[in-house]
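One-letter residues, chain by chain:
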Amino acid sequence: MAVIVTAGLTKAYPRVTALDHLDVTVGEGVTGLVGANGAGKSTLIKILLGLVPATSGTARVLGHDVAAEGARIRALVGYMPEHDCLPADVSASDLVVHLGQMSGLPYAAARERTSDVLRHVGLAEERYRPIGGYSTGMKQRVKLAQALVHDPRLVLLDEPTNGLDPSARDDMLGLVKRIGEEFGIAVLVTSHLLGELERVSDHVVILDTGRLLRSSATTDFLHATGSLLVEVQGRPDADRLLGQALVDAGLTARPAGGALIEVEVRDETTPDVVRDLTVDLGLGLVRMQERHHRIEDVFREGAAGSVHPV
Amino acid sequence: MSTPSESPVAPEPPGGVIHDLGYRPYAGPRLGEATVARSFFTTGLRNTYGLGRSARSKVLPMILLGLMLLPALILVGVLVQAKDLLGLDEQIVPYSTYPITTQLLISVFVAAQAPALISRDLRFRTITLYLARPMRRSAYVLVRFASLTVATFLLVAAPLLLMYVGGLLAGLPLARESGRFLGALVGAALLAACLSGLAALVSALTIRRGLAVAAVIVVLLVSYTVVVAIQGISYESGHETVGQVAGVFSPYTLVNGVQVVLFDSPEATATPPEGAAMGVLYVVATLLAVGGSLAGLMARYRRVSP
Ligand SMILES: Nc1ncnc2c1ncn2[C@@H]1O[C@H](COP(=O)(O)OP(=O)(O)O)[C@@H](O)[C@H]1O
Ligand SMILES: [Mg+2]
């Protein structure tokens, strides 16, 4: 079942069109919403919550119309804003209990769910201390916990990894994946980095200045737009040899600095082709890894015509 | 719980990590709009007295409540002990005058607690977390206003209740005391609504807490001081109408005037409203003050981006 459906969704601010005739369908599981700053990700989320009116077009969340049934939607959806939104002088526990009640949970249930949810996001004893003393990573966890406390059907997570160091970022992405897979809650998660979302998303939607650039399953996406970094050894000119063989095999390959070769992924057989050719040439494969694309790369490729909006 | 060394399976790791029970969906009841609003109201009311907050945030409201009650307690003591000796047959200070006598305490309470309730959500942007929930924006504003109004009402009405009970103990006539007391409660409610509306509006416009506290204090104290000064001058110079109109510009003199008009309460200002036209002006001004503050609050919150 489609969790989110938009049709011709447009949001025009006085000086900028934040969303431009957007037709997007989001299903169960984890969906990554990727776009550079200003692409319209946060605007889309606020429209989906019924907090900002669209200029034209329609959007339905869990079957409810955003313009007419905002309150109904907000009862079923959890929202993690991208900006700071936590009071400094309250404990995480007290805040999440209160917000659980504001989502309609009776007090006892709100307490029980708060303790569950704070445990799931990994906040232990600190939950009873005022939030003002928390690290950014802990604050992001509290923001996530309050989005989950009422057991929503869908969570909208706006840049949950923003401001996090690499290890906290990995923890957060792991949590996002768990919410989709183990908790069974549909997730729409935004980022300006494609690389981090392709790891946790089943589906990726790419926005470019308010327009849909691409919407497809993550696997298609990787194969269509990713590239592999390959390092071989065995002969001094090993990289040049393999590069030539790859081009002869009809793949796009180019030197990528040092002895590395970057190979564009054509389909799921590309890694096997690389492996086979390496063996045929009598070379040793040192490593082969997916290159994480930043969103700008996709735009560049999109502009060059190798990526087509679906 | 078994001790780690003897446990056959899954020994507790050092540090005592809680076993992950897995995610449990919630299948229990979900409360409707009205119940959620009531719970939000109660939380706000409690927070205004520092209940459910840190010990530090209880200090000021509780001290102010104590200071509000203290004079009433003394007055009751005197009334009960020395009613016959002093030939008293009514309250030493009228109910309707008490809020004016204690206006400094009331102003400090409102100035300190309105920003705690109103500016806080805007400053930390916690408002977004409320807006992302089913409650409507207008309901948020009305409930916040209601919490602050009821908290202020309790502060103003508590000493009046003490005086009323004391008066009855001292043998003052029940019917007359009850009538006056009920009138004073209406006055306390109007005063609380006026003060809360003004303070909430100032707090919503002045997001920084310290500034909001200062701004509310200045607005309430300066308006009261100026009004009282003008009333004094106009009374002495015989231009009482000027003083009567001026009375509209401080919540304290305004609501005292309304009580003079509606309940024939003893006046506590130099130039209380006289005549029907002035009476109507006072009542309308009170309603406008409350309604205008609410309209201003609604307009302010419509501009809050989620
Ligand atoms: N309230 C607003 N008023 C005017 N312009 C806005 C407003 N909110 C967002 N915008 C503009 O809309 C565009 C999309 O913004 P946003 O949705 O925040 O993008 P993203 O979240 O992808 O970074 C940006 O150009 C931004 O400046
Ligand atoms: Mg954004």
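Here the structure is a predicted model, which means the values were calculated and not measured. The residue numbers shown here count from 1 along each chain, following its written sequence. By the order in which they are written, chains take letters starting at A while ligands take numbers starting at 1. A pLDDT threshold of at least 70 governs which residues receive local features in this predicted model, and a stricter bar of 80 or more applies before side-chain atom pairs are shown or counted, although totals over entire chains, interfaces and linings include all residues. Hydrogen atoms and water are omitted, and side-chain values are computed over all heavy atoms in the structure.

## Some details on the overall build of chain B
For clarity, the cut-off: Counting from the N terminus, the helices are the DSSP runs of H or I reaching at least four residues and the strands are the DSSP runs of E reaching at least two. The globule rule used here is 2.2 Å times the number of residues to the 0.38 power, and the radius of gyration it is set against is calculated over C-alpha atoms. The buried label goes to any residue with under 20% of its type's maximum accessible area, the exposed label to any with over 50%, and the partly exposed label to all in between, with areas taken from a 1.4 Å probe on protein chains only. Only heavy atoms enter the contact rule, under which two residues are in contact if any of them lie within 4.5 Å. Using a 1.4 Å probe, the Shrake-Rupley method yields the accessible areas, and only the shown protein chains count as cover for residues.
Along its length, chain B carries 12 helices and zero strands. Reading chain B from its N terminus to its C terminus gives the helix and strand order α-α-α-α-α-α-α-α-α-α-α-α. Whereas a compact globule of 306 residues would reach a radius of gyration of roughly 19 Å, chain B reaches 25 Å, over 25% beyond that. The dimensions of chain B, computed from C-alpha atoms along their principal axes, are 95 × 50 × 35 Å. When each of the 306 residues of chain B is scored for burial, the buried share is 47%. Of all intrachain contacts in chain B linking residues separated by at least 6 positions in sequence, the fraction that spans at least 24 positions is 77%. When the accessible area of chain B is evaluated, it comes to approximately 14300 Å², of which 70% is carbon and sulfur surface.

## Considerations on the pairing of strand β9 (residues 203–208) of chain A
All names here are of chain A. Spelled out, the test is: The pairing criterion is simple: DSSP has to find at least two bridges between the two strands.
Relative to β9, strand β3 (residues 30–34) runs parallel, the two sharing four bridges. Directly across from G32, in β9, lies its bridge partner V204. For β9 and strand β10 (residues 211–217), the ladder comprises six bridges, and the chain directions are antiparallel. Bridge assignment links I206 to a residue of β10, and that residue is R214. The hairpin formed by β9 and β10 contains two residues between the paired strands, and T209 there has a positive phi angle of roughly 40°.

## Remarks on the side chain of T31(A)
Within the secondary structure, T31(A) is located in strand β3. The class for T31(A) is buried, based on a relative accessible area of 1%.

## Quick look at the site of ligand 1
Residue and element names in this part refer to chain A. To keep things clear, this is the line we draw: Any residue with at least one heavy atom within 4 Å of a molecule or strand is counted as near it. In protein, a polar contact requires one atom able to donate a hydrogen and another able to accept it; more generally it is a pair of N or O atoms within 3.5 Å, and residues adjacent in sequence count only if both atoms are side-chain atoms.
Around ligand 1, the surrounding shell consists of Y13, V16, A18, A36, N37, G38, A39, G40, K41, S42 and T43. Between S42 and ligand 1, the recorded distance is 2.7 Å, taken from a side-chain N or O atom to an oxygen atom. Take T43: an N or O atom from its side chain is 2.5 Å from an oxygen atom of ligand 1. About the coverage of ligand 1: the protein hides 64% of its 560 Å² of free accessible area. When residues in the shell around ligand 1 are grouped by element, the largest group, three residues, is from helix α1 (residues 41–48).

## Comments concerning the sheet that holds strand β13 (residues 260–264) of chain A
Residues and elements named next belong to chain A. Put simply, the test is: Angles here are taken between N-to-C directions and fall from 0 to 180 degrees, while the axes themselves are lines fitted to C-alpha atoms, restricted in helices to the stretch in contact.
Within the open sheet, the four strands sit side by side as β12-β13-β11-β14. Their pairing is antiparallel. On the outer flanks of this sheet lie β12 (253–255) and β14 (284–291), each paired with one strand and no other. Sheet twist, expressed as the average angle between the axes of neighbouring strands with direction ignored, equals 25°. Across three bridges, β12 lies against β13 in antiparallel orientation.

## Thoughts on the side chain of H83(A)
Along the chain, H83(A) falls in the loop between β6 (77–80) and α3 (92–102). A polar atom in the side chain of H83(A) sits 3.3 Å from the side chain of R125(B). Excluding residues that lie within four positions of it along the chain, H83(A) makes contacts with K143(A), R125(B), T128(B) and P306(B).

## As for the confidence of the model for chain A
Worth spelling out the cut-off: pLDDT is defined as a per-residue confidence score from the predictor, taking values between 0 and 100.
The predicted model of chain A averages 89 in pLDDT, with 92% of residues at 70 or higher. Below pLDDT 50 for its whole length, residues 301–310 of chain A participates in 14 contacts with residues either more than four positions away or in separate chains.

## What to know about helix α12 (residues 275–302) of chain B
As a reminder of what qualifies: Expected span, for any helix, means 1.5 Å times one less than how many residues it has.
The terminal C-alpha atoms of α12(B) lie 40 Å apart, and with 28 residues this matches the ideal 40 Å at 1.5 Å per residue to within 8%. Taken together, the buried positions of α12(B) are M278(B), G279(B), Y282(B), A285(B), T286(B), V290(B), S293(B), L294(B), L297(B), R300(B) and Y301(B).

## Brief notes about the packing of aromatic side chains
Residue and element names in this part refer to chain B. To keep things clear, this is the line we draw: Pairing of aromatic side chains requires ring centres within 6.5 Å, counting the rings of Phe and Tyr and the six-membered ring of Trp. Pairs whose planes differ by under 30 degrees are stacked, by over 60 edge-to-face, and all others tilted.
Within the structure shown, the criterion is met by nine aromatic pairs over all chains. Consider the rings of Y130 and Y140, whose centres lie 5.5 Å apart with planes at 50°: the pair is tilted. Here Y130, found in helix α6 (residues 127–131), pairs with Y140, found in helix α7 (residues 137–169); they are 10 residues apart in sequence, far enough to count as distant. The same class applies to Y130 as to Y140, namely buried. The structure contains a cluster of three or more aromatic residues connected by ring pairs, namely F40, Y130, Y140 and Y301.

## So, the sheet that holds strand β1 (residues 4–12) of chain A
Residues and elements named next belong to chain A. Strand order in the open sheet formed by four strands is β2-β1-β4-β5, and the pairing between neighbours is antiparallel. On the outer flanks of this sheet lie β2 (17–26) and β5 (64–65), each paired with one strand and no other. Two elements, β1 and strand β4 (residues 56–61), share five bridges in a ladder whose sense is antiparallel. Along β4, the bridge assignment pairs T10 with S56. Strand contacts of α1: β1, β2 and β4, with the helix running at about 115° to β1, the strand carrying the most contacts.

## A short note on the interface of chain A and chain B
We count it as follows: When two components associate, each loses some accessible surface as probed by a 1.4 Å sphere; the sum of these losses over both components is called the buried area. Here, a salt bridge means any side-chain nitrogen of Lys or Arg that lies within 4 Å of a carboxyl oxygen of Asp or Glu.
The interface of chain A with chain B comprises 39 residues on the first partner and 32 residues on the second. In this assembly, chain A packs against chain B so that about 3300 Å² is buried in total across both faces, 55% of it on carbon and sulfur atoms. Contact with chain B buries surface across chain A, with R74(A), M102(A) and R119(A) losing the most and accounting together for 18% of the total. Measuring nitrogen to oxygen at the nearest pair gives 2.8 Å for the salt bridge that ties D116(A) to R24(B). For the pair chain A and chain B, the number of links is 18 residue pairs in polar contact (both at pLDDT 80 or more). Looking at the side of chain A that touches chain B, the elements with two or more residues in it are α2 (70–76), α3, α4 (107–120) and α5 (136–148) of chain A.

## Some points on the coordination of the magnesium ion (ligand 2)
In plain terms, the rule: Note on donors: an N, O or S atom is included if it sits within 2.8 Å of the metal, or within 3.2 Å for Na, K and Ca, and water is never included, so sites can look incomplete.
Summarising the metal site, the magnesium ion (ligand 2) is bound by the protein donors S42(A) (OG) and E82(A) (OE), whose distances to it range over 2.0 to 2.4 Å. Placement of S42(A) in helix α1 and of E82(A) in the loop between β6 and α3 is noted, with a sequence separation of 40 residues between them.

## Some words on the packing of helix α4 (residues 103–117) of chain B against helix α9 (residues 209–236) of chain B
A pair of packed helices can be characterised by two numbers: the angle between their axes and the separation between those axes. Residue and element names in this part refer to chain B. How we decide: Throughout, the term roughly parallel applies to angles under 35 degrees, roughly antiparallel to angles over 145, roughly perpendicular to angles from 65 to 115, and oblique to all others. By convention, the crossing between two helices is left-handed when the near helix turns anticlockwise from the far helix through less than a right angle, and right-handed when the turn is clockwise. By the convention adopted, Pro, Cys, Tyr, Trp, Phe, Met, Ile, Leu, Val and Ala count as nonpolar, Lys, Arg, Asp and Glu as charged, and the other residues, Gly among them, as polar.
Look at α4 against α9: their axes get within 8 Å of each other, and the N-to-C directions meet at 150°. Taken together, the axes of α4 and α9 are roughly antiparallel relative to one another. Read as a crossing pair, α4 and α9 show a hand that is right-handed. Residues Q103, L104, S107, V108, V110, A111, A112, P115 and A116 of α4 form the contact with α9, whose own contacting residues are R209, A212, V213, V216, I217, L220, L221 and Y224. Looking at the contact of α4 with α9, its residues break down into 14 nonpolar, two polar and one charged.

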